Amino acid sequence: MLQVGIVGLPNVGKSTLFKTLTKKAVDCANFPFCTIEPNVGVVEVPDPRINKLAEISKSQKVIPTAIEFVDIAGLVRGAHKGEGLGNKFLANIREVDMIVHVVRAFHDQNVVHVESGIDPARDVETIEIELAMADIGTVEKRLDGMRGKMKAGRTKDLENEESALTKMFEVLQKGKMANSVEFTEDEEEMVADMSLLTRKPILYVVNVAEDQTEVPLLFREGLGEVTGPVLPISIKVESEIMEMSPGDQQMFLSELGLAQSGLDRLIAKCYELLNLITFFTSGEKETRAWTIHRGTKAPQAAGVIHTDFEKGFIRAEVISYEDFVVCHGEAGARDNGKLRVEGKEYVMQDWDVCHFRFNV
């Protein structure tokens, strides 16, 4: 399951975002370090397509894809040295697939700011320096070990590894993110196994005031150097939306001229950043959504359902989502020549509806 870590300074809206996403009660007390253990919540990925497929197939059960969100307690300046509760929280982030960095841009005298004043660009720099300093030790240790190996004889792989590690070390020393480094294909191969915080994809969620829909102009310039997309969200408004009935939610969003809530946009951005797509299986027993990386071939997609499906893969019977809906299901798609038989080299497409044939 896709795992997303939510990070940021204390009192920027992290735990409120987590609570809103997961509808799971967490302690949002107005003081630093109130979140001591990482809260974990599983969130269904909103996708109206799955309900349409289930309706057509008269499915008994509907199983959407899900994302696991991990709410990491607020980091502070000096966290990599153990300031606050830093080291423990930095360790929690290492296991996630990507990071959502919540940055505060709203003013509220009742909500204290640990850095005394609202400055998203400064706050981003504070967190990223901590992440960089936490990674620099890992890179330095790997460099020392690799250079020890080189004394016994230089190889092309060791030279590529040294080059990649040196590039990262120089960037991290400046408090910058390692995901800003450009590697050759050979260099990338040598460091792909390193679980560095600063190489994870990152989405910056700027927590704006209730009456704002964009990142305040004052802060845009300072956020221009970040290494990921920036998504403005009023977390307070989103939390209020989640308390409404589904019908009222839709009406409220329509009045604002929005097709999606900020949370839905956040989840979509997570998929986009990790280069993920969704395919479906649909029948009377269940309709289910499955997550795979873009570029995955049919046997490996089948393996996501069950390893036996990949081992004994014969073929994939594929219908596009649009054809499945227009033809009112698998039988109609087959009768209208819209069901395709694909082999082992078929690259899965977003929204494919599949039936895998296998033999073990």
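Residues numbered from 1 in each chain as written. Predicted model: local features only at pLDDT ≥ 70, side-chain atom pairs only at ≥ 80, totals over all residues. Heavy atoms only, no water.

Attention now moves to the pairing of strand E2 (residues 39-44). Only one face of E2 is buried: it carries Asn-39, Gly-41 and Val-43, and the other face, with Val-40, Val-42 and Glu-44, is open. Inspection of the sheet shows E2 paired to strand E4 (residues 66-71) by six bridges, in the antiparallel sense. By the bridge assignment, Asn-39 is partnered in E4 with Asp-71. (Buried < 20%, exposed > 50% of the residue type's maximum accessible area, 1.4 Å probe, protein only. Helix = DSSP H or I, 4+ residues; strand = E, 2+ residues; numbered from the N terminus. Pairing = 2+ DSSP bridges.)

Our focus in this paragraph is the environment of Glu-322. Here Glu-322 shows up in helix H13 (residues 321-326). The spacing of Glu-322 and Val-353 is 31 residues in sequence and 9.6 Å in space, taken between C-alpha atoms.

Turning our eyes to something else, we now look at the pairing of strand E9 (residues 286-293). The sheet contact formed by strand E3 (residues 61-63) and E9 spans three bridges and is parallel. The residue bridging Ile-63 from the neighbouring strand is Arg-288, located in E9. Across seven bridges, strand E8 (residues 276-282) lies against E9 in antiparallel orientation. Looking across to E9, one finds that Phe-280 is bridged to Ala-289. The antiparallel pairing of E8 with E9 creates a hairpin that spans three residues between the two strands.

Taken residue by residue, helix H11 (residues 298-305) has Ala-298, Pro-299, Ala-301, Ala-302 and Gly-303 as its buried positions. In this structure, the buried residues of H11 make contact with E8, E9, helix H12 (307-311), strand E10 (313-319) and strand E12 (353-358). (Contact = heavy atoms within 4.5 Å.)

Evaluated as defined, the whole model comprises 18 salt bridges. The partner of Glu-187 in a salt bridge is Lys-167, with the nearest N and O atoms 2.8 Å apart. Here Glu-187, found in helix H6 (residues 185-191), pairs with Lys-167, found in helix H5 (residues 156-173); they are 20 residues apart in sequence, far enough to count as distant. A relative accessible area of 4% places Glu-187 in the buried class. Look at Lys-167 and you get partly exposed, because its relative accessible area is 28%. Among the charged side chains, a salt-bridge network with shared partners connects Arg-147, Arg-154, Glu-159 and Glu-162. (Salt bridge = Lys/Arg side-chain N within 4 Å of Asp/Glu carboxyl O.)

Here the focus is the sheet that holds strand E5 (residues 98-104). Here we have six strands laid out as an open sheet, ordered E2-E4-E1-E5-E6-E7, and mixed in their pairing. Each edge of the open sheet carries a strand with a single partner, namely E2 and strand E7 (230-233). Neighbour to neighbour, the strand axes of the sheet diverge by 25 degrees on average, direction disregarded. Packing against the sheet, helix H1 (residues 14-22) makes contact with strand E1 (2-7), E2, E4 and E5, and its axis sits at approximately 40 degrees to E2. (Axes fitted to C-alpha atoms, helices over the stretch in contact; angles between N-to-C directions.)

With that settled, consider the confidence of the model for the protein chain. Across the protein chain, the average pLDDT comes to 85, with 85% of residues at 70 or higher. Across residues 24-36 the pLDDT falls below 50, and counting only partners more than four positions away or on other chains, this stretch makes 35 contacts in the model. (pLDDT = per-residue confidence, 0-100.)

Counting 43 residues, the largest nonpolar core has Leu-17, Phe-69, Val-100 and Leu-266 as its most contacted members. Taken together, the elements giving at least two residues each to this core come down to E1, H1, E4, E5, helix H4 (120-150), strand E6 (202-207), E7 and helix H10 (262-273). When neighbours within four sequence positions are excluded, Val-100 is seen to be in contact with Val-4, Gly-5, Ile-6, Val-7, Leu-17, Leu-203, Val-205, Leu-266 and Cys-270. Counting 19 residues, the second largest nonpolar core, distinct from the first, contains Met-146, Met-168, Phe-183 and Met-194. (Core = buried A, V, L, I, M, F, W, Y, C linked by side-chain atoms within 4.5 Å.)

Position of Ser-59 relative to the elements: it lies in the loop between helix H2 (48-57) and E3. The residues touching Ser-59, leaving out its near neighbours within four places in the chain, are Ala-54, Ser-282, Gly-283, Glu-284, Glu-286 and Thr-287.

Here the focus is a negative patch on the surface. Taken together, the side chains of Asp-157, Glu-185, Asp-186 and Glu-189 define an acidic patch exposed on the protein surface. Sort the elements by how many residues they give to the negative patch and H6 lands first, with three residues. For Glu-189, a relative accessible area of 59% corresponds to the exposed category. (Patch = residues over 30% accessible without salt bridge, like charges linked within 9 Å, V, L, I, M, F, W, Y side chains within 5 Å. Areas by Shrake-Rupley, 256 points an atom, 1.4 Å probe, with all protein chains shown as cover. Lys, Arg positive; Asp, Glu negative; His and termini not counted. Charge placed at Lys NZ, Arg CZ, Asp CG, Glu CD.)

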